[in-house]
Structure formats: C-alpha cells, structure tokens
Amino acid sequence: MAQRVALPGLKWARALRRQLRHLRRWFLWRERFLWLRAELQALPQEQALFPVRCYSFGERALFLQHLASEQAQRLARLWEALPQSWVFAASDTDTPVAYYCFVTVGTVWIDEFGIRRHFDAGEAYVHTCYTIPSHRGRGFHRQTLQTVCTVLRQRGFRRAYAVVSCLLYTSPSPRDRQ
C-alpha cells in the first residue's frame, strides 16, 4: 500500500523507507511524509546529558512561561484543543526549554494527511517536536524521544506513532561543525 514517490535530491528518503520497512517500523508513506509506528520496548538506559521534564495539561503555564510570546500563544491554543496531551521538554544549563514535543492520546487531527485519527488505549501520538535553532545537533531530539518511550512504556502504552517529514534534514553533529 506504499506509494512510490520520486523526490529529487533526496536519495536518502528511499533508503530510509527501505530500512523502516525492513524493521517493520513504518505504516504509511504518502507524498513527503512517513507515518511511523513503534512498538514500545524496554530501552537500555543511557547517561542523561540534560534533564527532560513531562508537563501535563494542568502544568501548562509552567511550560509556556519559558517560550516566546507568539510561540507560547500558538502552543496554548494547541494544548487547549488537546487537553489529553503531555509536553516533554528538555532543558540546557542556559535555556529552560531547548527542545519540546507533544504526546497526545485520544482523537487527533493529523494535518499532514488531512485526517482525524483516533488512538486506542495503549497508543500515543508524538507530534509538534521543535528544537531551538541554537541547540540543534546536540542530541536533544534523540534523548527526549528515548525518555518519551520509557515514560509511555511505564504508563502502560504499547505503541507510539509519529509523522516525519522527508524534507527535514538532520542537523550536523557538533564534531561536523568544527
């Protein structure tokens, strides 16, 4: 059921699709997006490079106060529409929120596919991930998603879903920037 799409200049997209299919971690390929499904498993504990905190709907004011006004207003509207969400936020020594992502259960509108999707009990949707530009390439996304998977598994979730854009490029690692 996968659509073959030619994306000029993105040879790695096909390789990624093949690898995800081989690992059975992809569910749907549409135009420029991957719909990923992951079975939550126990992950090896890694040394935390920075703290990651989970904010519930009731704690949203604590999270939103660390963001720029326009961004905080946009995310407050999103959270009001999805009160059954949590935000996982990673901080750095000089930045209270260097990275964040939303995790939602229940029914969600998935804009990339133009569909409303209901997530059953034991399933969660990871979305609206963002790293502050000055903190990109430091591993915030990877470590926060590992924390998300660990917390979800501890709370009894079996599966997590995400939509990933094929147009996103990975940030250079710190050693590549030098």
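In this report, the structure presented in the accompanying data block is examined. (Residues numbered from 1 in each chain as written. Predicted model: local features only at pLDDT ≥ 70, side-chain atom pairs only at ≥ 80, totals over all residues. Heavy atoms only, no water.)

Some points on the overall build of the protein
Stated formally: Only runs of H or I of at least four residues qualify as helices and only runs of E of at least two qualify as strands under DSSP, and these elements are numbered from the N terminus. Only protein chains enter the area calculation, which uses a 1.4 Å probe; residues under 20% of their type maximum are buried, those over 50% are exposed, and those in between are partly exposed. The contact rule is simple, with two residues in contact once any of their heavy atoms fall within 4.5 Å. What sets the accessible areas is the Shrake-Rupley method with a 1.4 Å probe; for residues, cover comes only from the shown protein chains.
Counting its secondary structure elements, the protein contains five helices and nine strands. Reading the helices (α) and strands (β) of the protein from amino to carboxyl end gives α-β-β-β-α-α-β-β-β-β-β-α-β-α. Counting only residues that meet the buried cut, the protein has 37% of its 178 residues in that class. For the protein, the proportion of contacts with a sequence separation of at least 24, taken over those separated by at least 6, is 66%. In the form shown here, the protein has an accessible surface area of approximately 11100 Å², with 53% of it arising from carbon and sulfur atoms.

Description of the pattern of salt bridges
Side chains bearing opposite charge may pair, as long as their charged atoms lie close to each other. Spelled out, the test is: We define a salt bridge as a contact between a side-chain nitrogen of Lys or Arg and a carboxyl oxygen of Asp or Glu at a distance within 4 Å.
If you walk through the whole model with that rule in mind, you get seven salt bridges. Between Arg 37 and Glu 39 there is a salt bridge, with the nearest N and O atoms lying 3.6 Å from each other. A relative accessible area of 29% places Arg 37 in the partly exposed class. Under the relative-accessibility criterion, Glu 39 is labelled partly exposed at 35%.

Let's talk about the packing of aromatic side chains
Formally: Only centres within 6.5 Å qualify two rings of Phe, Tyr or Trp (six-membered ring in Trp) as a pair; their planes then separate them into stacked at under 30 degrees, edge-to-face at over 60, and tilted for everything else. Any Lys NZ or Arg CZ found within 6 Å of a ring centre and within 35 degrees of that ring's normal is scored as a charge over the ring.
Per the counting criterion, the structure on display carries nine aromatic pairs. Ring geometry for Phe 119 versus Tyr 125: centroids 5.4 Å apart, planes at 10°, classification stacked. No difference in accessibility class separates Phe 119 from Tyr 125, as the two residues are buried. Taken together, the ring pairs in this structure connect Tyr 55, Phe 63, Trp 79, Tyr 100, Phe 102 and Tyr 130 into an aromatic cluster. We note Arg 60 situated over the ring of Phe 57; from NZ or CZ to the ring centre the distance is 3.9 Å.

What about the environment of Val 97?
Within the secondary structure, Val 97 sits in the loop between β4 (85-90) and β5 (99-104). Among the residues examined, Val 97 registers a relative accessible area of 2% and is labelled buried. Val 97 sits 33 residues away from Leu 64 along the chain, and the two C-alpha atoms are 9.4 Å apart. Not counting chain neighbours up to four residues away, the residues in contact with Val 97 comprise Phe 63, His 66, Leu 67, Ala 89, Ala 90 and Ile 132.

What about the side chain of Glu 123?
To keep things clear, this is the line we draw: What qualifies as a polar contact is a pair of N or O atoms within 3.5 Å, subject to a donor-acceptor requirement within protein and to the restriction that residues adjacent in sequence count only when both atoms come from side chains.
Inspection of the secondary structure assignment puts Glu 123 in strand β8 (residues 123-131). A distance of 3.3 Å separates the side chain of Glu 123 from the side chain of Tyr 161, its partner in a polar contact.

With respect to the nonpolar core
Nonpolar side chains tend toward joint burial in soluble globular proteins. Applied cut-off: The criterion is simple. A nonpolar core is a set of buried Ala, Val, Leu, Ile, Met, Phe, Trp, Tyr and Cys residues joined through side-chain atoms within 4.5 Å.
Of all hydrophobic cores here, the largest spans 19 residues; its most connected members are Trp 86, Phe 88, Val 103, Val 148, Leu 152 and Phe 157. If one sorts the elements of this core by residue count, helix α4 (residues 140-154) sits on top with four residues. Apart from residues no more than four positions distant in its own chain, Leu 152 is found in contact with Leu 40, Trp 86, Val 103, Ala 124, Phe 157 and Ala 160.

Geometric values such as these leave the question of function open.
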